[in-house]
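Structure at a glance
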Amino acid sequence: MSPPAKHAKLSLLDVVAQSVGFMGPVFSGTIVLGLLIGLNATGKGAGSAAPLAVVLAAVGMFALGWLVSAYARRVRAAGSLYNYVTLGLGEKAGAAAGYVYYSGVMILGAAIAVFVGGFVHDTLKARLGFDAIPTLVWQLGLLAGLLVVVHVGVQVSTRAQLVLALVSMTVLTLFFLYVIVKTGSGNSVKAFRPSSSGDGWAGILFAVLYGVLLFTGFEAAANLAEETGSPERHIPRAVLISLAVASAFFLLGTYAQVAGFHFDVHAMQQAAAGSPLVTLASGHAYGASWLGDLVAVMVMLDLLAVYIGVSVSVGRGLQTMAKDGWLPARLARESARRGTPVGATALTGAVYLLCVVASQIAPKLVAPAGASGYGPWYGWLSAYGVFCLAAIYLAMAVGAPRGLRDLGRPVQVWSCSVLAALITGGAVFGSIYKVPQPTLTASYLAIASVLVAVVAALVVKGGAVTGEVPVREQVAP
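Within any chain, residue numbers begin from 1 and follow the written order of that chain's sequence. With the structure being a predicted model, the display of local features is reserved for residues of pLDDT at least 70 and the display and counting of side-chain atom pairs for 80 or more, all residues being used for whole-chain, interface and lining totals. Computation of side-chain values covers all heavy atoms of the structure but excludes hydrogens and water.

To continue, consider the environment of K92. Per the convention used, a helix needs a DSSP run of H or I reaching at least four residues, while a strand needs a run of E reaching at least two, with both numbered from the N terminus. Checked against the element boundaries, K92 lands in helix α5 (residues 91-128). Any residue under 20% of the maximum accessible area for its type is buried, any over 50% is exposed, and the rest in between are partly exposed; the area is computed with a 1.4 Å probe on protein chains only. Taking relative accessible area as the criterion, K92 reaches 31% and is therefore assigned partly exposed. Sequence separation between K92 and W326 is 234 residues, and the spatial gap between their C-alpha atoms is 10.0 Å. Dropping the residues within four chain positions of it, K92 is found in contact with W326, A457, L458 and V460. The criterion used for residue contact is that any of the two residues' heavy atoms lie within 4.5 Å.

Turning our eyes to something else, we now look at the nonpolar core. Within the largest apolar cluster, 157 residues are counted, with the highest numbers of intra-cluster contacts made by L36, Y84, F215, F218, Y352 and M396. A per-element tally of this core places α5 first, with 21 residues. Not counting chain neighbours up to four residues away, the residues in contact with F215 comprise M23, A57, A58, M61, L243, A246, S247, F250 and Y393. Definition used in this section: a nonpolar core is a set of buried Ala, Val, Leu, Ile, Met, Phe, Trp, Tyr and Cys residues joined via side-chain atoms within 4.5 Å.

This paragraph deals with empty space enclosed by the protein. Definitions used for this entry: grid spacing 1 Å over protein atoms alone; cavity, a set of points where a 1.4 Å probe fits but cannot get out; pocket, an open set with protein on both sides within 12 Å along at least 5 of 7 lines; lining residue, one with an atom within 4 Å of a point. Grid points are joined across faces, edges and corners, and a volume is the space filled by probe spheres set on the points. Using the criterion set out here, one finds 5 cavities of 30 Å³ or more in the structure. If you add up the space inside the largest cavity, you get close to 50 Å³. What lines the largest cavity is a set of 13 residues, among which G29, T30, F176, F249 and Q257 lie closest to the centre. Every element with two or more residues in the lining of the largest cavity is listed here: α2 (25-37), α7 (154-183) and α9 (231-260). Note that Gly is not counted as nonpolar here; it falls among the polar residues with everything else outside the nonpolar set of Ala, Val, Leu, Ile, Met, Phe, Trp, Tyr, Cys and Pro and the charged set of Asp, Glu, Lys and Arg. A per-class count over the lining of the largest cavity returns 8 nonpolar, 5 polar and no charged.

Our next topic: the side chain of H121. Locating H121 in the fold gives a position in helix α5. Here D122 takes part through its side chain, which lies 2.9 Å from a polar atom of the side chain of H121. Excluding residues that lie within four positions of it along the chain, H121 makes contacts with F130, D131, I133, P134, T135 and W138. Any N or O atom pair separated by 3.5 Å or less is treated as a polar contact, with the protein-specific requirement of one donor-capable and one acceptor-capable atom, and with residues adjacent in sequence counted only for side-chain atom pairs.

Despite not being glycine, H262 shows a phi value in the positive range, around 55°. Positionally, H262 belongs in the loop between α9 and α10 (265-272). Look at H262 and you get exposed, because its relative accessible area is 56%. Although it is not a glycine, F263 sits at a positive phi angle of roughly 60°.

Here we take up the packing of helix α8 (residues 200-214) against helix α15 (residues 410-430). Contact geometry for α8 and α15: axes closest at 9 Å, N-to-C directions at 100°. Classed by the angle they form, the pair α8 and α15 counts as roughly perpendicular. Residues V208, L209 and V212 of α8 touch α15, and the partners they reach there are I423, G426, A427 and G430. Its residues assigned to classes, the contact of α8 with α15 shows 5 nonpolar, 2 polar and no charged. Fitting a line to C-alpha atoms yields each axis, with helices limited to the stretch in contact; the angle taken between N-to-C directions then spans 0 to 180 degrees. For this classification, under 35 degrees means roughly parallel, over 145 means roughly antiparallel, 65 to 115 means roughly perpendicular, and everything else is oblique.

A separate point is the environment of W414. Here W414 lies in helix α15. Along the sequence, W414 and L67 sit 347 residues apart, while their C-alpha atoms lie 9.8 Å from each other.

Right, dumping it as structure tokens:
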């Protein structure tokens, strides 16, 4: 078992902030809603029944969340899903899962490193006419600031995420409620009827695959187990609280945006260009120019929270795998003064920097015909990262009946395992099925990384699960 952390312990609020910060409800709700509706490469979606798709996705993710919370009572280490897959499918499978999971999280962080600078630059240019600072300078400056925050300490990181996420979510929640109230008699339960989807149940179930993306990173609180006071209590609660908060926010936001366009999917497609929220906030019916500016700022703040959350998770995870012998020992090095991972943070920063430079040197390398810049790079890198995370969610769900066999609740474990496997397996399938190039290449590379990870796990001689708690000491769900 890992020794107790020598530095300040985190509270329940801190670890909730880590999971919520990683999910980025405002940013995800803004970008992914268009995919749910049908503004994606396949043209399929839930249409006006997008809120129903969110409900179904939330049910599946709660099943997965219950499994994570059950595991968190057993393992008090920063390895998160890597440890959980080890308990369910064995040491070598767990090591392979760790390689895949943290490479995926790292590339998701790199995607944000590329995107955030361009988003800040373009937002300031569009809203204020300010473009004196180039995108690359914004990318490098924000990366430097991120590394400072992550190095200074996890408490600073989580508190920064909490403030950023809380402010942005509060503002958007008020706006969503305003839209619903102003819609008045136009509100309808049709948003929860399958018939509201132009593609029927096929479109709704396809949209559920994108709905899973909304919740990516919900388990991030588990990466802070070694730095949390009473992790066997705080981590499970943080995971479920984060899922509940995110589910309520996504459902409210999805319904408000669909209702704001009077359940007219064609109007959303024509006016929103993939982001109904910004259009709705800037329009005359519900918003104004200043409100559109405010929403853009809120998205920016939430994006920064995601940036921090992803980076904290990957640093702690790589450090744990290095301690267990699955990665070079240098990645386990800590700051003697602050207790933060030095080696893992340095590697993370180097990967982020490499992707930022690549996006600048070859802006069209991974872009569809006629496109270029940071947007396509963000989409391509995210496709790789999301596939990796969904694959490990699936592996954890499949191994749960074995990993949690001593829990004493076989019905709940098997029920949640099957439901979570169906949802996450569908997400993996959706990452490949009818996905156009060059995005499909990212998924293929993710599949290749899984094969490489399996070989590496067979070759490398690592250790046992870090921080496993004897059954007698585990806290009951």
